[in-house]
Structures are given as C-alpha cells and as structure tokens.
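Per-entry structural report
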Amino acid sequence: QVRVVESGGGSVQAGGSLRLSCAASGSRVSIVAMGWYRQAPGKQRELVAQHADGNNVNYGNSVKGRFTISRDNAKNTADLQMTSLKPEDTAVYFCSARAVEHMTARTNDYWGQGTQVTVSS
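1. A few points about the pattern of salt bridges
With the rule as written, the count across this model stands at seven salt bridges. A salt bridge links Arg38 to Asp89, with the shortest nitrogen-to-oxygen separation between them at 2.9 Å. Residue Arg38 is found in strand 4 (residues 29-39), and its partner Asp89 is found in the loop between strand 8 (77-82) and strand 9 (91-101); the two are separated by 51 residues along the sequence. Taken individually, Arg38 and Asp89 each receive the classification buried, so the pair is uniform in this respect. The salt bridge partner of Asp109 is Arg98, with a shortest N-O separation of 2.7 Å.

Structure below.
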C-alpha cells in the first residue's frame, strides 16, 4: 500500500499564487510517477500535471504556462506551483502516485484525499 498526503491549498484572489505539496510513502514499491488532478463541482476529474520517470511532464491545456510541477524522486514528493490563478481553477485538487510493486511488477495508482483550492474574482 502507498499513502499519499497532500498539503497546501486554501483561498486566494484571482491573479494570486498557491503551492500544493504531496508526499507518497510505501514499502516494497517504486513510485514511477506523481501527478495532480482536480475536480470541480459537477465536473469530471481532470489532469492538471503529471511527472513520470524519465522527466516526462504533462500539463492540462488550461494550466499550461501558469502551473509548474516539480518532483523529488528521492523523497517521493511532488509540488504544484500555481500562478495567475483564475476563478475557474477552483476545485478539489488530488495528488496521485503510480507505484510498481517490487514482487509482482504490478502497477497501481494511489490517491490522496484532496485539498480545496478556491479562487475568488
């Protein structure tokens, strides 16, 4: 099992910045990717940013140029720096960690409980 814990979030005015942090921990697994997703009320969960092994980074179209994900492979942490925030960025933000089991080589995705980000106009 892998535990994923988010921190950060909160309320900010449009144009402001916030930083989210995520830490993953587990035994007998290797974390091969970490990412951030978000879900606004009445909408599906969507990709915000993902950082996979090999320095493969992907961003959702709506956040490109404004958000930056940084990952520390040794610590299994992933931070999301959010700038130029807009009201439409308001959502619950979830951290995910993709882990490969050492014994079986099975891959599983694990999720944190989410943290609220609210951007007011």
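Once the structure has been displayed, the description carries forward.
2. Considering the nonpolar core
The biggest cluster of nonpolar side chains holds 29 residues, and the ones touching the most others in it are Trp36, Leu80, Met82 and Tyr93. Broken down by secondary-structure element, the contributors of at least two residues to this core are strand 1 (2-8), strand 3 (18-26), strand 4, strand 5 (46-52), strand 7 (67-72), strand 8, strand 9 and strand 11 (115-120).

3. Focus: the state of the cysteines
With the rule as written, the count across this model stands at one disulfide. Note that Cys22 is cross-linked by a disulfide to Cys95, the S-S spacing being 2.0 Å. The chirality of the disulfide connecting Cys22 with Cys95 is left-handed, given an S-S dihedral of about -85°. Of this pair, Cys22 sits in strand 3 while Cys95 sits in strand 9, and the two are 73 residues apart along the sequence. Take Cys22: its relative accessible area is 3%, and that puts it in the buried class. Judged by relative accessible area, Cys95 falls into the buried class, the value being 0%.

So, how was this worked out
Residues numbered from 1 in each chain as written. Predicted model: local features only at pLDDT ≥ 70, side-chain atom pairs only at ≥ 80, totals over all residues. Heavy atoms only, no water. Salt bridge = Lys/Arg side-chain N within 4 Å of Asp/Glu carboxyl O. Helix = DSSP H or I, 4+ residues; strand = E, 2+ residues; numbered from the N terminus. Buried < 20%, exposed > 50% of the residue type's maximum accessible area, 1.4 Å probe, protein only. Core = buried A, V, L, I, M, F, W, Y, C linked by side-chain atoms within 4.5 Å. Disulfide = S-S within 2.5 Å.

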